[in-house]
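Descriptive structure summary
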Amino acid sequence: MLFGGVILLASFAYLGILFAIAYWGDKRADAGRSIIANPYIYALSMAVYATSWTFYGSVGRAAASGVGFLPIYLGPTLMAALFWLVLRKMIRISKANRITSIADFIAARYGKSGLLGGLVTLIAVIGVIPYIALQLKAVSTSFLILLQYPEVAMPAKGQRVGLLQDTALYVALLLAAFTLLFGTRHLDATERHEGMVAAIAFESLVKLVAFLAVGVFVTFGLYHGFADLFEHAMRLPDVDRLLTLGNAAGTYGSWAWLIALSMLSILFLPRQFQVSVVENVNESHLAKAVWLFPLYLLAINIFVLPITFAGLMQFPPGTLDADTFVLTLPMAHRQEALTLLVFIGGLSAATGMVIVETIALSTMICNDLVMPLLLRWKVLALGSRSDLSGLLLGIRRGAILLLMLLGYVYYRAAGEAYALVSIGLVSFAAVAQFAPAMLGGMYWKQGTRNGALCGLSLGFLLWAYTLLLPSFAKSGWLPLAFIEEGPFGIAWLKPLALFGLEEMDDISHALFWSLLGNVGTYVGVSLFDRQGIREHAQAVLFVDAFKISGRGASPWRGSASLEEVMTLIGRFLGPVRTEDAFAQYAAGCGLRSWQALEPDAELVHFAETLLAGAIGASSARVMLASVVKEEPLGMDEVLNILDEASQLLAYSRQLEQKSAELEAATAELRAANERLQELDRMKDDFISTVTHELRTPLTSIRAFSEILNDNPELDARQRARFVAIIVKESERLTRMINQVLDLAKLESGRAEWHASELDLRTVIEDAVATTSQLLEERGASLTLQLPDEVPRVRADRDRLLQVLLNLISNAAKFCDRDAGRIVIALRVLPDALQVDVSDNGCGIDPADQETIFEKFRQVGDTLTEKPQGTGLGLPISRQIIRHFGGKLWVNSARGQGATFSFSLPLAGVAEEDV
Amino acid sequence: MANRTIRAQRLVALFALGCLLFGFPLLSLFNGGGTLFGIPLLFAYLFGAWALLIVLMLLVVERSG
């Protein structure tokens, strides 16, 4: 059974849970472990958009106008696509400027105009109070209906209940207490209420679950799914009217106006601004909200039409308001738990809206209406007091209580009147008046304070005239003649058909005129107005929000007062230096003194450079920006600047390091490349030389072979001589090829070495013995000058022999033809042994002394003279000697013989090298 | 940053698509009697287009993120 007591208990339990969540959220926030810092909570908190007007009212609207309830949710869906563009900018601007409400936003944009802030606050309060009344009505009506359970009927109308018996009053007081408890527990600089957001997100979840539960119960419990339900519904009279546009649901025109209206409200309703901008923890959460929030709206609307049709079919026409179908359908089917859930869902929809809305409005009232007045009131001397937080909290609490009571009074006064039914849209139209000033302020630098003031005022007046007053008239507070005949019988002033415009429905009509007046005046006045300096600076800060806070260097384009800039610079450079610098600058501009300077962009740029010399460029920019904002630089911001600067520094260091590494690598690569090219050229040279050298013996072999072949009649002696030449040349060819192979092996390091300790004397004696035949043939005499004893050296005996043979045979070849004399001397040097092989031949020109060690080089013209060797002996010898750590060189002069010498390091020294 | 601007552009394109889907000429195509799987045509169309839009937004946001 559902008694009043059970219902009350459930309601209090629910509010208790809410409070617990809020408390927990605040505690976690204090501990630095925010529970709302995720995109899902953010998107859910945005769903505070869906109030009891959605929860109960959608079905009511659908019963009257079919799909006509949908534009209210399609608009936000469309706007969600623009969230990333528009809302993100609002968040960025608000965070950068510490903006805490729409009034603050507009006031700050137009040069911190107190008047504008007050006007916005006033419009918001007047526009939204009836909406709060609507929530109170929804809660108290649903409670009264529930009290009559199991009877399903509307609460008795028309009879006045006493003030103390009025549930709505208790609801209002309860909600006020609730909002006070965790909306203004403490004063926070950022005006963020983590606990409240957590509770709101939970409420969004509850109302969604409750509505879906009813929807599922109706669609799948009472009927067999959508198709079955609609099939039954088709038998209803006039059903086509509800399922098509163009009649009851309004024309395409009003459909589009409603979409536009709800697009604006999702941005500018005070509660939406509160949850989506002020309470935003992280800009990036917006990305998920872009699709999550519309998804929520889709989910909460999908069962609206089924519930509507079910209600229309289940209850006799006229017995129940369609607004109550959500509650009465489960009631009529004795679904007590579901009924209670729905009641709680409706409660959560209402409380969520009321809590956030009153908090947002109380911030506005306090910051933009009351405090500016109090501060100006000299008697209180508030300006000289250091701690105002207690006063601020008091004002906010008072504002919340006042708002709630105003809501209740409005509800009490309007009662069942028309004024409540359409109030949702009327409220939307009121906040839509903020759109020109807000959007213009964000994207149009020229928009001025006067433009915004005039636009807002005119828009608000037109709204009041075309929507608010007619709703009063329909409620009987004004004579109906006001609507039907116009004020004082002036027909073209009829509020619902202003200037004779009659084809549109009330909302479209009001929206058209008010926005026309609003935008027209805003733009018109702005274009013919001049912005003040501070106003212009603020405009730049807002419009270029992304550029200014971004990394990119954007030149400062605003302007500020000369005094402010001077004071700022003076704080860092000292007043005297500052004045000197400015005086110099003024002289450069052709002015007599710095007082004559105009505070233009160039001056600011000069000031920035001046300051940059002292504190660095990025800090200077921010410091100057603080002059524009006229706010002291917070510790956080300074730390941010330092952070950014040090990051940049680190980046540039890394960059430098990388580029140095790159340069080094490039140089290495270039060197390697040059070496490769050199080697390649050498290889080519080598190959062409080798082939050239091989061709010489081959040519003679071939020539003599041909002679032998062609002349069989040659005599035997001649023949023998030619064959001997062929044999000799073949031997030379073989030798040359062997030496080429040998050299290749030596050069590539693949030669085999058999190093051992040896006595160089014996090697020399062996070499002499081997060449004795040759020497004899040449008729050369050989003298050996060997010490009695020499230290042993470490070398390959065969290789060393090869070197000696080469040197001796060279000496034999080139020594004097007639009296050849060769001397081989072995000397002991301190750290090496030196062998000299001298001859008395024609000697070697100094210019040729190095070339003879190159491959295939022989002294003399190889083309005319018969080559005396292969041209590889000396290069090979030099390679061998080098391998043992020694040197091979020649001393000679033309006509005085030549001395080829090589040295070998002594064993101890050589060992280290080998 | 480039990623963010392209995301914003895609979302603006979706906004335009939404305006088209929920706007006059297209809407009138479905503004008649008849049902789709037993669901009234206009109702089905509106919710279908709505869901489509949400899915597209989801794809744009989650894939470019």
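Residues numbered from 1 in each chain as written. Chains lettered and ligands numbered in written order. Predicted model: local features only at pLDDT ≥ 70, side-chain atom pairs only at ≥ 80, totals over all residues. Heavy atoms only, no water.

**Some details on the UniProt feature "transmembrane region" (unreviewed entry) in chain B**
Residue and element names in this part refer to chain B. Under the local residue numbering, the UniProt record ascribes the feature "transmembrane region" (unreviewed entry) to residues 12-30 and 42-61. Annotated as 84% helix and 0% strand, the span residues 12-30 places its first and last C-alpha atoms 25 Å apart. In this annotation, residues 42-61 is assigned 100% helix and 0% strand; the end-to-end C-alpha distance for the span is 28 Å. (UniProt positions renumbered as here; feature names shortened; annotations may be inferred. Helix = DSSP H or I, 4+ residues; strand = E, 2+ residues; numbered from the N terminus.)

**Notes on the interface of chain A and chain B**
Taken together, the 37 residues of chain A in the interface contact 31 residues of chain B. Overall, the association of chain A and chain B removes approximately 3,100 Å² of surface from exposure, summing both partners, and the carbon and sulfur fraction of that is 80%. For chain A, the biggest contributors to the area lost against chain B are Trp 84, Tyr 252 and Trp 291 of chain A; these three give 21% of the whole. At the surface where chain A touches chain B, the tally comes to one salt bridge. A salt bridge links Glu 62 of chain B to Lys 288 of chain A; its shortest N-O distance comes to 3.4 Å. Linking chain A to chain B there are four residue pairs in polar contact (both at pLDDT 80 or more). When residues of the side of chain A that touches chain B are traced back to their parent elements, those giving at least two are helix H5 (71-83), helix H11 (225-233), helix H13 (252-268), helix H15 (285-301) and helix H16 (304-314) of chain A. (Contact = heavy atoms within 4.5 Å. Buried area = accessible area lost by both parts, 1.4 Å probe. Salt bridge = Lys/Arg side-chain N within 4 Å of Asp/Glu carboxyl O. Polar contact = N/O pair within 3.5 Å; in protein donor to acceptor, adjacent residues only side chain to side chain.)

**Side note on unusual backbone geometry**
For Arg 334 of chain A, which is not glycine, the phi dihedral falls at a positive 60 degrees. Residue placement: Arg 334 of chain A occurs in the loop between helix H17 (325-332) and helix H18 (336-376).

**As for the sheet that holds strand E7 (residues 898-905) of chain A**
Residue and element names in this part refer to chain A. Taken in spatial order, the five strands make up an open sheet running E2-E4-E5-E7-E6, and their pairing is mixed. Because the sheet does not close on itself, it has two edges, and the strands there are strand E2 (781-785) and strand E6 (887-892). Along the sheet, successive strands turn relative to each other by an average axial angle of 15 degrees, direction set aside. Summarising the sheet, strand E4 (residues 821-828) and strand E5 (residues 832-839) pair through seven bridges and their orientation is antiparallel. Paired with Ala 825 across the bridge in E5 is Asp 836. Along the sheet face, helix H34 (residues 760-778) touches E2, E4, E5 and E7 and points at about 175 degrees away from the line of E4. In the packing of helix H35 (residues 797-814) onto the sheet, the strands contacted are E4, E5, E6 and E7, and the crossing angle to E7 comes to about 170 degrees. (Pairing = 2+ DSSP bridges. Axes fitted to C-alpha atoms, helices over the stretch in contact; angles between N-to-C directions.)

**Quick notes on the side chain of Arg 7 of chain B**
Residue and element names in this part refer to chain B. Note that Arg 7 resides in helix H1 (residues 2-21). Look at Arg 7: it is buried, it has no salt bridge, and the nearest opposite charge is Glu 62 at 7.1 Å. At 3.4 Å, the side chain of Arg 7 forms a polar contact with the backbone oxygen of Val 61. (Buried < 20%, exposed > 50% of the residue type's maximum accessible area, 1.4 Å probe, protein only. Lys, Arg positive; Asp, Glu negative; His and termini not counted.)

**Examining the packing of aromatic side chains**
All names here are of chain A. Applying the stated criterion across every chain, the model contains 30 aromatic pairs over all chains. Between the aromatic rings of Tyr 49 and Tyr 73, the centroid separation amounts to 6.2 Å while the plane-to-plane angle is 85 degrees, which identifies the pairing as edge-to-face. Here Tyr 73 lies in helix H5 and Tyr 49 lies in the loop between helix H2 (39-46) and helix H3 (52-55), a separation of 24 residues in the sequence. Take Tyr 49 and Tyr 73: they sit in the same class, and that class is buried. (Phe/Tyr/Trp six-rings, centres within 6.5 Å; stacked < 30°, edge-to-face > 60°.)

**A few points about the nonpolar core**
Soluble globular proteins: nonpolar side chains tend toward being buried together. All names here are of chain A. Among the nonpolar cores identified, the biggest contains 209 residues, and Phe 83, Met 90 and Phe 434 are the most heavily contacted of them. When residues in this core are grouped by element, the largest group, 18 residues, is from helix H8 (residues 114-147). Apart from the residues within four sequence positions on either side, Phe 83 is in contact with Met 46, Arg 88, Ile 266, Leu 267, Leu 286, Val 290 and Phe 293. Of all hydrophobic cores here, the second largest spans 55 residues; its members include Val 690, Val 740, Leu 826 and Ile 881. (Core = buried A, V, L, I, M, F, W, Y, C linked by side-chain atoms within 4.5 Å.)

**With respect to the packing of helix H6 (residues 86-97) of chain A against helix H22 (residues 434-443) of chain A**
All names here are of chain A. Between H6 and H22, whose axes approach to 11 Å, the crossing angle comes to 80 degrees. Taken as axis vectors, H6 and H22 run roughly perpendicular relative to one another. Residues Val 86, Lys 89, Met 90 and Ile 93 of H6 form the contact with H22, whose participating residues are Met 438, Leu 439, Met 442 and Tyr 443. For the contact of H6 with H22, a count of residues per class yields seven nonpolar, no polar and one charged. (Parallel < 35°, antiparallel > 145°, perpendicular 65-115°, else oblique. Nonpolar A, V, L, I, M, F, W, Y, C, P; charged D, E, K, R; others polar.)

**Some details on the pattern of salt bridges**
All names here are of chain A. Here the structure, examined in full by the defined rule, presents 13 salt bridges over all chains. Its salt-bridge partner being Glu 706, residue Arg 702 comes within 3.2 Å of it at the nearest N-O pair. Linking Arg 702 with Glu 706, this pair stays in helix H32 (residues 635-710), spanning four residues, or about one helical turn. Residue Glu 706 is classed as partly exposed on the basis of its relative accessible area, which comes to 37%. The partner of Asp 766 in a salt bridge is Arg 797, with the nearest N and O atoms 1.7 Å apart. Of this pair, Asp 766 sits in helix H34 while Arg 797 sits in helix H35; the two residues are 31 residues apart in sequence, bridging distant segments of the chain. A relative accessible area of 31% places Arg 797 in the partly exposed class.

**Quick look at the environment of Glu 765 of chain A**
Residue and element names in this part refer to chain A. By the secondary structure assignment, Glu 765 is in helix H34. For Glu 765, a relative accessible area of 41% puts it in the partly exposed group. Separated by 19 residues in sequence, Glu 765 and Leu 784 have C-alpha atoms that sit 8.6 Å apart. With residues near it in sequence (within four places) discarded, Glu 765 still touches Leu 784 and Leu 786.

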